[in-house]
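# Per-entry structural report
Below are the chains, spelled out letter by letter.
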Amino acid sequence: MNKLLILGAGTAGTMMANHLRPRLDAEWEISIVDQEETHYYQPGFLFLPFDIYKPKQLQKRIDKFVPAGVNLIRQGIDRIVPDKNEVVLTNGKELQYDILIIATGTKIAPQEVSGMLGPLWQKDIFDFYTFAGAKALRDKIRSWPGGKMVVHICEMPIKCPVAPLEFAFLADSFFVEKGMRDRVDLTFVTPLSGAFTKPTATEKLGHLLAEKNIRIVSDFAIERIDNENHKLVDYGGQEVDFDLLVTVPTNMGDEAIARSGIGDDLNFVPTNNATLQTTIKDNIFAIGDATNVPASKAGSVAHFESEILTENILRYVRGEPLKEEFDGHANCFVETGHGKALLIDFNYSHEPVEGTFPFPGVGPLTLLKESRMNHIGKLAFRWVYWNMLLKGRHIPFVTAQMDERGKHFRESEV
Amino acid sequence: MDKEIAGMIVAVNDEGYLTNLEQWTKEIGEAIAGEENIAMTEQHWKVIEFLQHAHRNSEALSIRSLGKHGPVSIKEFYVLFPGGPLKKASRIAGIPKPASCV
Ligand SMILES: Cc1cc2nc3c(=O)[nH]c(=O)nc-3n(C[C@H](O)[C@H](O)[C@H](O)COP(=O)(O)OP(=O)(O)OC[C@H]3O[C@@H](n4cnc5c(N)ncnc54)[C@H](O)[C@@H]3O)c2cc1C
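For clarity, every value in this text was computed on a predicted model and none was experimentally measured. (Residues numbered from 1 in each chain as written. Chains lettered and ligands numbered in written order. Predicted model: local features only at pLDDT ≥ 70, side-chain atom pairs only at ≥ 80, totals over all residues. Heavy atoms only, no water.)

## What to know about the overall build of chain B
- When helices and strands are tallied, chain B shows five helices and two strands.
- Beginning at the N terminus, the succession of helices and strands in chain B can be written as β-β-α-α-α-α-α.
- Over its C-alpha trace chain B gives a radius of gyration of 13 Å, about what one expects of a compact globule, namely 13 Å for 102 residues.
- Relative to its 102 residues, chain B shows a buried fraction of 45%.
- Within chain B, counting contacts between residues at least 6 apart in sequence, those at least 24 apart form 48% of the total.
- Split by element, the accessible area of chain B, about 5,200 Å² in all, is 52% carbon and sulfur.
- Charge centroids of chain B, computed over 11 positive and 13 negative side chains, lie 10 Å from each other. (Helix = DSSP H or I, 4+ residues; strand = E, 2+ residues; numbered from the N terminus. Rg over C-alpha atoms; globule rule 2.2 N^0.38 Å. Buried < 20%, exposed > 50% of the residue type's maximum accessible area, 1.4 Å probe, protein only. Contact = heavy atoms within 4.5 Å. Areas by Shrake-Rupley, 256 points an atom, 1.4 Å probe, with all protein chains shown as cover. Lys, Arg positive; Asp, Glu negative; His and termini not counted. Charge placed at Lys NZ, Arg CZ, Asp CG, Glu CD.)

## Focus: the overall build of chain A
- Looking only at helices and strands, chain A has seven helices and 25 strands in total.
- Relative to its length of 414 residues, chain A is compact, with a C-alpha radius of gyration of 21 Å against a globular reference of 22 Å.
- Along the longest, intermediate and shortest principal axes, the C-alpha atoms of chain A span 65 × 50 × 40 Å.
- Counting the 414 residues in chain A, one finds 59% classified as buried.
- Contacts in chain A between residues at least 24 apart in sequence constitute 66% of all its contacts with a sequence separation of at least 6.
- Surface accessibility of chain A: about 16,300 Å² in total, with carbon and sulfur atoms responsible for 48%.
- Averaging the locations of the 45 positively and 55 negatively charged side chains of chain A gives two centres separated by 8 Å.

## Brief notes about helix 2 (residues 131–142) of chain A
Residues and elements named next belong to chain A.
- Taking 1.5 Å as the rise per residue, helix 2 with twelve residues should run 16 Å; its terminal C-alpha atoms sit 17 Å apart, in good agreement.
- Those residues of helix 2 lying buried are Phe131, Gly133, Ala134, Leu137, Arg138 and Ile141. Down the axis of helix 2, the buried set is contained in an arc of 165 degrees. They therefore lie on one face.
- Residues of helix 2 that are buried in the fold lie against strand 3 (38–40), strand 4 (59–61), strand 11 (125–126), strand 12 (147–153), helix 3 (163–177) and strand 18 (244–248). (Expected span 1.5 Å × (residues − 1). Arc of directions from axis to C-beta.)

## What to know about the domain arrangement of chain A
Residue and element names in this part refer to chain A.
- Looking at the assigned domains, one finds that chain A contains domain 1 (2–105 + 254–317), domain 2 (117–250) and domain 3 (330–413).
- Between the C-alpha centres of domain 2 and domain 3 there is a distance of 25 Å.
- Taken together, the 16 residues of domain 2 in the interface contact 16 residues of domain 3.
- For domain 2, the biggest contributors to the area lost against domain 3 are Glu166, Lys198 and Thr200; these three give 32% of the whole.
- Taken together, domain 2 and domain 3 are joined by one salt bridge.
- Close ionic contact of Glu166 with Lys378 constitutes a salt bridge, the shortest N to O distance being 2.8 Å.
- The tally of links from domain 2 across to domain 3 stands at five residue pairs in polar contact (both at pLDDT 80 or more).
- Those elements giving two or more residues to the side of domain 2 that touches domain 3 turn out to be helix 3 and helix 4 (199–211). (Domains from an automatic or database assignment. Buried area = accessible area lost by both parts, 1.4 Å probe. Salt bridge = Lys/Arg side-chain N within 4 Å of Asp/Glu carboxyl O. Polar contact = N/O pair within 3.5 Å; in protein donor to acceptor, adjacent residues only side chain to side chain.)

Quick look at the structure:
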């Protein structure tokens, strides 16, 4: 009996279980470990604070998506011992494997910034990257009288790097609809030099911020939060006042990665950009937010990765060379408020572009341009996520590698 | 494109970052620092050496990694290279502008 072990039954781990079970014969036992009972639809955390989604729509039982023939082990992972091809669980149990897939994702680490977990945490300082945080923020915003709202990113990389911008756009839209936009001063504070990481999109998104009267403070490297005076303070001495702070804390890989002694400074797993094999050992692969590959940490990216990783696991089993195919393809809807969204499509070497998607020249979605259709696409993503993505079904017309037709290109500088 | 810095012709990109670290000399670093109104001291050069070393080993650079593994604290780094220290120090060091992720 051969053993394949998947760590983490979130977006990426669940997809891998669904891809691999039908493709590996009965000689292969597949197990997947996760400590949670609930699978959250994390993209919905963006909408929960504005009462656009109800909590119920964002959670399902984790076992619902684990296919028959795969053992779900509900336990915490303590550490990986690569030399022994073994994983130790928090209850002390040891699991042996022939092939390991790390899919433990990333989570917020608010303790990394001094003062963040001080007296204002969950009173005037909130995150929306966790279910609990997004829900608490919803309750806060429902009765918030207005004032200075600051939307803030601590440091990169973060998962879904456009989400904080989307939050700012949705906040604008929300307060306009409530008839109180004039009582809200909106500021977007970022460690980047502009609205986003990629120049073309930064320009476009920067314009949208100005249009919506959202001030941007860039190159802001947070040192600490001054709770007493309701201020963000950066290493260079810049300060930003807030009444309500919506922050995206530092994102880090799970502590299990640190305990295993295999991660980088942020507990991300060193992984080959193109094959998704880790550099730790040949029989250890990684996917999704847990890796250090320089692609966006997003569900859509995990989806593209899963198609390539499936092929590579099958090749590895057959003793064939791995395909160096992953190109960093990301495809994200960016909600811009007032019932509109734009769509960006990019990879390691290409900037987000203008054009149409998924059909060259036809659409119906427009790249880098606001439209109502894109917003509908973003909302439809929830259905696609639960019904197609997690189950490892191929999404029609959307390829793992980026399609260059029908798009107006510009090469990245890096 | 090519640019003359400290009497040498070197290849730079449109933001003035050297595209070939092999062309870098201390005089070039000094001249770029001058453009940024930074007077180089022993401490500054320690940071520059650290950045070049990390770049040669293809290590990704961030404020965090510098604070953790570098010769000075983040706070001191900001004092040495005020306003966008990583970008400025990288330009002086002759390495690419750190791609601060995706
Ligand atoms: C606010 C927000 C908005 C987003 N919007 C979008 C969007 O519009 N489009 C998009 O494509 N993506 C979006 N994303 C990103 C997307 O949700 C993630 O990229 C995706 O879920 C990553 O999948 P993953 O499997 O790598 O990690 P996860 O889905 O987070 O799964 C990791 C799993 O590992 C388990 N685990 C970790 N450590 C341990 C341990 N020690 N023991 C046991 N179990 C463990 C966890 O319990 C979890 O179930 C958004 C994310 C957020 C937070």
